[in-house]
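# Chains, contacts and geometry: an overview
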Amino acid sequence: FHLLFLLMQTHVTKTPVTLEGFQAILAPGEWGHKLSALIPKSLVDELEEERESCLEWARNKAKNPKRVTVKHPAWEQLDNDPDMYQIKFSWKSGDKVVPTVVDTEGTLITDKDTPLYSGSKVKLAFVQKPYILPDDTIGSSCKMKCIQVISLNAGAGLKDEGNLTAEDAVELFGESKGFKVSEPNPTQDATPCSVDSDGDEDF
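Calculation notes
- Residues numbered from 1 in each chain as written.
- Predicted model: local features only at pLDDT ≥ 70, side-chain atom pairs only at ≥ 80, totals over all residues.
- Heavy atoms only, no water.
- Helix = DSSP H or I, 4+ residues; strand = E, 2+ residues; numbered from the N terminus.
- Buried < 20%, exposed > 50% of the residue type's maximum accessible area, 1.4 Å probe, protein only.
- Contact = heavy atoms within 4.5 Å.
- Polar contact = N/O pair within 3.5 Å; in protein donor to acceptor, adjacent residues only side chain to side chain.
- Core = buried A, V, L, I, M, F, W, Y, C linked by side-chain atoms within 4.5 Å.
- Salt bridge = Lys/Arg side-chain N within 4 Å of Asp/Glu carboxyl O.
- Pairing = 2+ DSSP bridges.
- Phe/Tyr/Trp six-rings, centres within 6.5 Å; stacked < 30°, edge-to-face > 60°.

## What to know about unusual backbone geometry
Its identity is not glycine, yet Asp 136 carries a phi of approximately 65°, on the positive side. Structurally, Asp 136 can be placed in the loop between strand E9 (121–132) and strand E10 (137–151). Residue classification places Asp 136 among the buried residues on the basis of a relative accessible area of 8%.

This is the structure in structure tokens:
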């Protein structure tokens, strides 16, 4: 069926996206596997357009097309950034199709202790499918096909292995304007270090 074929197209995030919130990707949590990521509005626009076709297909399959209940999509706009959305995926280990997780060279990641938490960067490949429930509730769900891990959250992945090197410190903080060992005398444009009042991180 031509419409179903169109609905099964694979969406791929061409640039890495950031994991946000609770993650249970490699090891399942109490409710199975979960992945939540931030995606740009441009991708959501594609999904929204495709969703209309999904709902049309599901509505035509309903017992009473005029009385269907439409469920919310898998994505939600961020309150603090109208150009970004949070999208959520879920699956169970016993599902017929489960996502493949690979590194940047395509090697399968099997270590369940890999710190793939909020803040990590990944590329995603997924499809959007229509569904209809017995009570004539319809909607579309996003099903993950493949996850490529680009970088792990440095904070979540740090191990207690002793003192950090200077290179490690630069990686954590980046380079800042201010005090330099080569120029010990304070300059007018040096600014004092400020404390971030919101120091909580979601791991």
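## Some points on the environment of Thr 18
The topology assignment puts Thr 18 in strand E2 (residues 17–19). With 101 residues separating them along the chain, Thr 18 and Gly 119 place their C-alpha atoms 5.7 Å apart. Setting aside chain neighbours within four positions, we find Thr 18 in contact with Ser 36, Ala 37, Leu 38, Gly 119, Ser 120 and Lys 121. Within the structure, the side chain of Thr 18 is placed 2.7 Å from the side chain of Lys 121, a separation counted as a polar contact.

## Digging into the nonpolar core
Residues Leu 35, Phe 89, Leu 124, Phe 126 and Ile 147 are the most contacted members of the largest nonpolar core, which totals 25 residues. Within the residue set of this core, elements represented by two or more residues are E2, strand E3 (24–29), strand E4 (32–40), helix H2 (41–61), strand E7 (84–91), E9 and E10. In contact with Ile 147, not counting residues within four places along its chain, are Ile 25, Leu 35, Trp 91, Pro 99, Thr 100, Val 101, Val 102, Val 122, Lys 123 and Leu 124. Ranked by size, the runner-up nonpolar core spans six residues in total, among them Leu 55, Ala 58, Ala 62 and Val 68.

## What to know about the pattern of salt bridges
Considering all chains together, one arrives at two salt bridges under this definition. The residue Asp 45 makes a salt bridge to Lys 41 at a minimum N-O spacing of 3.2 Å. Taken together, the positions of Asp 45 and Lys 41, both in helix H2 and four residues apart, correspond to about one turn of that helix. For the salt bridge of Asp 136 with Lys 63, the shortest nitrogen-to-oxygen distance reads 3.8 Å. With Asp 136 in the loop between E9 and E10 and Lys 63 in the loop between H2 and strand E5 (69–70), this pair connects stretches of sequence that are 73 residues apart. Among the residues examined, Lys 63 registers a relative accessible area of 65% and is labelled exposed.

## A closer look at the pairing of E10
Within a regular strand, the side chains alternate between the two sheet faces. In this structure, E5 lies alongside E10, joined through two bridges in parallel fashion. What sits directly across from Thr 69, in E10, is Thr 137. Relative to E10, strand E8 (residues 100–102) runs parallel, the two being bridged by three bridges. Residue pairing for E10: Val 102 is matched across the bridge by Gln 148. A loop of four residues connects E9 with E10, the two strands running antiparallel in sequence, and Asp 136 in this loop sits at a positive phi of about 65°.

## Concerning the packing of aromatic side chains
If you walk through the whole model with that rule in mind, you get one aromatic pair. Where Phe 89 meets Phe 126, the ring centres are 5.1 Å apart and the plane angle is 65°; that geometry is what we call edge-to-face. Here the residue Phe 89 occupies a position in strand E7, and Phe 126 occupies one in strand E9, the gap between them amounting to 37 residues. Of the two residues, Phe 89 and Phe 126, neither departs from the other in class, the shared state being buried.

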